[in-house]
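Each chain, written out:
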Amino acid sequence: MRILVVEDEPLLADTVAQGLRHEAHAVDVVYDGGSALERIDVNDYDVVVLDRDVPVVHGDKVCRVLAERKADVRVLMLTAAAGIDDRVTGLALGADDYLPKPFAFRELSARVAALGRRARPAAPPILRRAGISLDPYRREVHRDGRYVPLSRKEFAVLAELLRADGTAVSAETLLEKAWDENADPFTHTVRMTILKLRRKLGDPPVVLTEPGVGYRIR
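Since the structure is predicted, the reported quantities are computational estimates derived from the model, not experimental observations.

A tally of helices and strands in the protein yields eight helices and eleven strands. Over its C-alpha atoms the protein spans a radius of gyration of 18 Å, differing by no more than 12% from the 17 Å that the globule rule assigns to 218 residues. Once the C-alpha set of the protein is aligned to its principal axes, its extents read approximately 55 × 35 × 30 Å. Burial statistics for the protein: of 218 residues in total, 47% are counted as buried. Excluding contacts between residues fewer than 6 apart, the proportion of contacts in the protein whose partners are at least 24 apart in sequence is 59%. For the protein, the accessible surface area stands at approximately 10,900 Å², while carbon and sulfur atoms represent 52% of it.

Let's shift gears to the sheet that holds strand β2 (residues 26–30). Reading across from one edge, β2-β1-β3-β4-β5 is the order of the five strands in this open sheet, with parallel pairing throughout. At either margin of the open sheet sits one strand with a lone partner, and together these are β2 and β5 (97–100). The sheet shows a mean angle of 20° between the axes of neighbouring strands, taken without regard to direction. Note: strand β1 (residues 2–6) against β2, five bridges, orientation parallel.

Assignment of secondary structure puts Val-213 in the loop between β10 (207–210) and β11 (214–217). By relative accessible area, Val-213 is classed as partly exposed at 48%. Put simply, Val-213 and Ala-171 are 42 residues apart on the chain and 8.2 Å apart in space, counted from C-alpha to C-alpha. When residues no more than four places from it in sequence are discounted, the contact partners of Val-213 are Ala-168, Val-169 and Ser-170.

This part takes up the pairing of β11. Where β10 lies against β11, four bridges are found, and the strand directions are antiparallel. Bridge pairing links Leu-208 to Arg-216 in β11. Here β10 hands over to β11 after three residues, with Gly-212 in that stretch at a positive phi of 75°.

The subject of this paragraph is the packing of helix α1 (residues 10–22) against helix α5 (residues 105–118). Put simply, α1 and α5 touch, their axes get as near as 11 Å, and they point 60° apart. The orientation of α1 with respect to α5, classified from their angle, is oblique. Crossing of α1 over α5 shows right-handed handedness. Here Val-16, Gly-19 and Leu-20 of α1 lie close against α5, whose contacting residues are Phe-105, Leu-108 and Val-112. Residues belonging to the contact of α1 with α5 are distributed by class as follows: five nonpolar, one polar and no charged.

If you walk across this open sheet you meet the four strands as β6-β7-β8-β9, and the pairing is antiparallel. On the outer flanks of this sheet lie β6 (127–129) and β9 (146–147), each paired with one strand and no other. Direction of pairing for β6 relative to strand β7 (residues 132–135): antiparallel, over a ladder of three bridges. Bridge pairing in β7 places Arg-129 opposite Ile-132. The strands that helix α6 (residues 152–163) touches are β6, β7 and β8 (140–143); relative to β7, the one it contacts most, it runs at about 115°.

So, how was this worked out
Residues numbered from 1 in each chain as written. Predicted model: local features only at pLDDT ≥ 70, side-chain atom pairs only at ≥ 80, totals over all residues. Heavy atoms only, no water. Helix = DSSP H or I, 4+ residues; strand = E, 2+ residues; numbered from the N terminus. Rg over C-alpha atoms; globule rule 2.2 N^0.38 Å. Buried < 20%, exposed > 50% of the residue type's maximum accessible area, 1.4 Å probe, protein only. Contact = heavy atoms within 4.5 Å. Areas by Shrake-Rupley, 256 points an atom, 1.4 Å probe, with all protein chains shown as cover. Pairing = 2+ DSSP bridges. Axes fitted to C-alpha atoms, helices over the stretch in contact; angles between N-to-C directions. Parallel < 35°, antiparallel > 145°, perpendicular 65-115°, else oblique. Left-handed = near helix turned anticlockwise from the far one by under 90°. Nonpolar A, V, L, I, M, F, W, Y, C, P; charged D, E, K, R; others polar.

Following this line, the structure appears as structure tokens:
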């Protein structure tokens, strides 16, 4: 998934981002609400992890803007205020879920995954096609019963291709979903990742190139 973390405590923000990247998500980080609105206008996110009390533009306003402009983006709101009234207010603003601080990363990760499932058409828990099975939660891939060790980016690209269920996915979409904003769109990053993925998946080839369109699973 493509995720935006909006948190004014740099250590917490970077720790959350690092944990989510370890789970093969593409994560951008900003430390205030103004920067969050700029990123939201430019990038398509599946989930936004939003601290309610960020500076410059308050998290409440960021949440309202998301609800108005990006109805398909899911918002997990973080706050130090854990009272029922605070949670109700946050949900009323348009947040999809609410997590009080302090929190365990495992819980945040599980909530982000649940929101991600709502942000796109429902997919089976284990993705399967052409003899490939991918378990998003155990981060395991098998082909015809053989375990296939993949890097985080290879795993993320394969997951997007499997979710497309045989439909071609453009290189631009793969770059958007599997890499963060620091990726250079003019490099051959996606093509090189596809080449490595094909080699690891083995023969017969199952990742096909549709010229001028993108890549798909046979």
